[in-house]
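Fold and contact review
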Amino acid sequence: MAELFRMPAVAADAATAVLSAWQVAEGASFTKDDALVSIETDKAEVDVSAERDGVLLKALYEAGVEIEVGDPIAVLGTAGEQTGDLDALLAELGVAAPAEARQAVRRDVPEEPAVPAPSAAPALSLAPAYGEPDRGGRIFSSPLARRLAREAGLGIEALTGTGPGGRIVRRDVEAAVAAGRAQATEPPAPPAPAPVPQATTPAAPASATGTGDHEDIPHTRMRRAIARRLTESKQHTPHFYLRATCAVDELLALRQRINAVSPVKISVNDLLIKAVATAHTQVPEMNAVWQPEAVRRFRTVDVSVAIATDTGLVTPVLRGIENLSVSAIATRTRAFAERARSGGLVPADLEGGSITVSNLGMYGVEEFAAIINPPQAAILAIGAARDEAVVRDGAVTAAKVLGVVLSVDHRPVDGAVAARWLAAFTEAVENPVRLVV
């Protein structure tokens, strides 16, 4: 029996989402857990799977349309079922015919003006337009690969996948783009001599985005979301900042000893995340966020980790880390990093937490102050470890030190609480044995 398939709420705070691509063609059958459609929100792109076996009788929207959560986007049926009179079927199901449905415009990839290419130069596009497969069978690809292919004007169905089970992944799209560019730069055959025209004003070349001295890069949906959320944070969240310098000689020595025997390699950042969990446990007042009617305090320690990707910064949440070993934190952090860079994060991975850890030490940055990721209450900015002269027991000696800056929301957290938290964090870093016992 025919039923409506509605735009799912893939993110808790999203009122709309973009239908990125249909993963099943109209009239094609699917089985439970097959990917039906790719949905994009401000935070991530995710494949939505089928809850049971069936057939996609009718797609009510094309790819690239922004749709309100809960609105019908397709009609699903059972094997062998036919749509018949589509308008009558939709009326029976209580929805408007497709022609009457709202057609929204994608905000992340604006249409570019057509620029004619020289006749001798091969086109970069390798297949028909994205979202219109012209061959039978399922095409398995990651959300990031589909996005990159769409932005490059490539047909995903023409690419060869090198991922598990022939899945098309990011490197396959990048290889196709590189091959197309190399092909496009091959010198064309010399053109036949043309008659000399009468003197005329030369035609202006086709204009690209920007001018000779700059390039305008259109905002992606993620970049717009980052800009909006961080602007709101600075406008509405009263930040205050605390700075500390931690001696990390013992921390670095402990890491070296652990890595000598551990099958999972531990980074300095993994140990610092565990120190954040220790400080949250000792100062539970910091494990909170501001709500309109109350301060919400959490019973578990959930920490976001800032990960840079080609499309922007994401902050997946490590949950319950007060009960995790350092090696478990390392394993989960690396899994998040791999999924973030392959487009495999889902919105649920990015929700929650009361504090974010952002580390720019690997770039040689000594100190920076980060913007709080709302609705969290704090963000810890970590710089690079460096050699510095310190005074110990009245004598000057060389030591490895690391600078941190804690940005705090003053609404749920007072300065004295944040100071106690930073002291607990520093103590955990400078006496790191407690991080592994």
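What you are looking at is a predicted structure, and each value in this text was computed from that prediction instead of being measured. (Residues numbered from 1 in each chain as written. Predicted model: local features only at pLDDT ≥ 70, side-chain atom pairs only at ≥ 80, totals over all residues. Heavy atoms only, no water.)

Bringing the pattern of salt bridges into the picture now. It is possible for side chains of opposite charge to pair when their charged atoms get near one another. Scanning the entire structure with this criterion turns up 11 salt bridges. Here Arg-339 makes a salt bridge to Asp-349, at a shortest N to O gap of 2.4 Å. Residue Arg-339 is located in helix H7 (residues 326-342), and its partner Asp-349 is located in the loop between H7 and strand E16 (355-359); the two are separated by 10 residues in the primary sequence. Its relative accessible area of 31% is what places Arg-339 among the partly exposed residues. (Salt bridge = Lys/Arg side-chain N within 4 Å of Asp/Glu carboxyl O. Helix = DSSP H or I, 4+ residues; strand = E, 2+ residues; numbered from the N terminus. Buried < 20%, exposed > 50% of the residue type's maximum accessible area, 1.4 Å probe, protein only.)

For the protein, the mean per-residue pLDDT works out to 80, and 77% of the residues sit at or above 70. Mean pLDDT across the elements of the protein bottoms out in helix H1 (residues 86-93) (69) and peaks in helix H8 (residues 415-430) (97). Within the model, pLDDT remains below 50 along residues 98-136, and this stretch shows 74 contacts once partners closer than five positions in the same chain are excluded. Note on residues 192-208: pLDDT is under 50 here. Beyond four places in sequence and across chains, it has 3 contacts. (pLDDT = per-residue confidence, 0-100. Contact = heavy atoms within 4.5 Å.)

With that settled, the discussion passes to a nonpolar patch on the surface. A surface patch of nonpolar side chains, about 300 Å² in accessible area, is lined by Val-433, Val-436 and Val-437. The topology assignment puts Val-433 in the segment after H8. (Patch = residues over 30% accessible without salt bridge, like charges linked within 9 Å, V, L, I, M, F, W, Y side chains within 5 Å. Areas by Shrake-Rupley, 256 points an atom, 1.4 Å probe, with all protein chains shown as cover.)

This paragraph deals with the environment of Leu-56. On the secondary structure map, Leu-56 appears in strand E6 (residues 54-59). Expressed as a C-alpha distance, the spacing of Leu-56 and Glu-26, which sit 30 residues apart in the sequence, is 5.3 Å. Filtering out sequence-adjacent residues up to four positions away, Leu-56 remains in contact with Trp-22, Val-24, Ala-25, Glu-26, Gly-27, Ala-28, Phe-30, Ala-74, Val-75 and Leu-76.

Before going further, it helps to spend a moment on unusual backbone geometry. Along the chain, Pro-374 connects to Pro-375 via a cis peptide bond; the corresponding omega equals 5°. The residue Asp-33 is not glycine, and still its phi comes out positive at about 80°. Relative to the assigned elements, Asp-33 resides in the loop between strand E3 (29-30) and strand E4 (35-40). Among the residues examined, Asp-33 registers a relative accessible area of 55% and is labelled exposed.

A full pass over the atoms with the stated rule returns 1 aromatic pair. Considering the side-chain rings of Trp-421 and Phe-425, the 5.6 Å spacing of their centres and the 5° angle between planes classify their relative orientation as stacked. With Trp-421 and Phe-425 both in helix H8 and 4 residues apart, this pair spans about one turn of that helix. A relative accessible area of 0% means that Trp-421 is categorised as buried. Residue class for Phe-425 comes out buried when judged on its relative accessible area of 0%. (Phe/Tyr/Trp six-rings, centres within 6.5 Å; stacked < 30°, edge-to-face > 60°.)

Our focus in this paragraph is the packing of helix H5 (residues 249-261) against helix H6 (residues 268-282). Look at H5 against H6: their axes get within 10 Å of each other, and the N-to-C directions meet at 115°. Here the hand of the crossing between H5 and H6 comes out right-handed. Two secondary-structure elements touch here, H5 through Leu-251, Leu-252 and Arg-255 and H6 through Val-268, Leu-271 and Leu-272. A breakdown of the residues in the contact of H5 with H6 according to their chemical character gives 5 nonpolar, no polar and 1 charged. (Axes fitted to C-alpha atoms, helices over the stretch in contact; angles between N-to-C directions. Left-handed = near helix turned anticlockwise from the far one by under 90°. Nonpolar A, V, L, I, M, F, W, Y, C, P; charged D, E, K, R; others polar.)

On to the nonpolar core. Met-286, Ile-321, Val-404, Leu-406, Trp-421 and Phe-425 are the most contacted members of the largest nonpolar core, which has 56 residues in total. The leading source of residues in this core is H8, at 8 residues. Excluding residues that lie within four positions of it along the chain, Leu-406 makes contacts with Phe-240, Tyr-241, Leu-242, Met-286, Ile-355, Ala-378, Ile-379, Leu-380, Ala-418 and Trp-421. Membership of the second largest hydrophobic core comes to 25 residues, among which are Val-24, Leu-36, Leu-57 and Tyr-61. (Core = buried A, V, L, I, M, F, W, Y, C linked by side-chain atoms within 4.5 Å.)

Turning our attention to the sheet that holds E6. In spatial order, the strands read E1-E8-E6-E3; together these 4 strands make up an open sheet with antiparallel pairing. Edge positions in the sheet fall to strand E1 (3-6) and E3, since each has one partner strand and no second. In terms of strand pairing, E3 meets E6 through 2 bridges, oriented antiparallel. Paired with Ser-29 across the strands is Val-55, a residue of E6. (Pairing = 2+ DSSP bridges.)

With that settled, the discussion passes to the pairing of E4. E4 sits mainly inside the fold: 6 of its 6 residues count as buried. In this sheet, E4 lies alongside strand E2 (residues 16-22) in antiparallel orientation, the contact comprising 4 bridges. Bridging from a neighbouring strand, Leu-19 pairs with Ile-39 of E4. Two elements, E4 and strand E5 (residues 45-49), share 5 bridges in a ladder whose sense is antiparallel. Directly across from Ala-35, in E5, lies its bridge partner Ser-49.

Before going further, it helps to spend a moment on H7. Since there are 3.6 residues in each turn of an α-helix, residues three or four apart along the chain are aligned in direction. Helix length check: H7, at 17 residues, gives a terminal C-alpha distance of 24 Å against a target of 24 Å (1.5 Å per residue), a fit within 8%. Along H7, the positions that sit buried rather than exposed are Val-326, Ile-329, Ala-330, Thr-333, Phe-336, Ala-337 and Ala-340. End-on, the buried residues of H7 take up no more than an arc of 130°, which puts them together on one face. Buried residues belonging to H7 abut H6, strand E12 (303-305), strand E13 (307-309), strand E14 (312-314) and strand E15 (317-318). Looking one or two residues past H7, Gly-343 carries a phi angle of roughly 80°, positive in sign. (Expected span 1.5 Å × (residues − 1). Arc of directions from axis to C-beta.)

What follows covers the sheet that holds E5. Sheet strands pair by backbone hydrogen bonding; their relative direction is either parallel or antiparallel. A sheet is described by the order of its strands in space; here 4 strands give the open sequence E5-E4-E2-E7, paired in antiparallel fashion. The outermost strands of the open sheet, each flanked by one partner alone, are E5 and strand E7 (65-68). Shown here is a sheet whose adjacent strand axes are inclined to one another by a mean of 40°, direction ignored.

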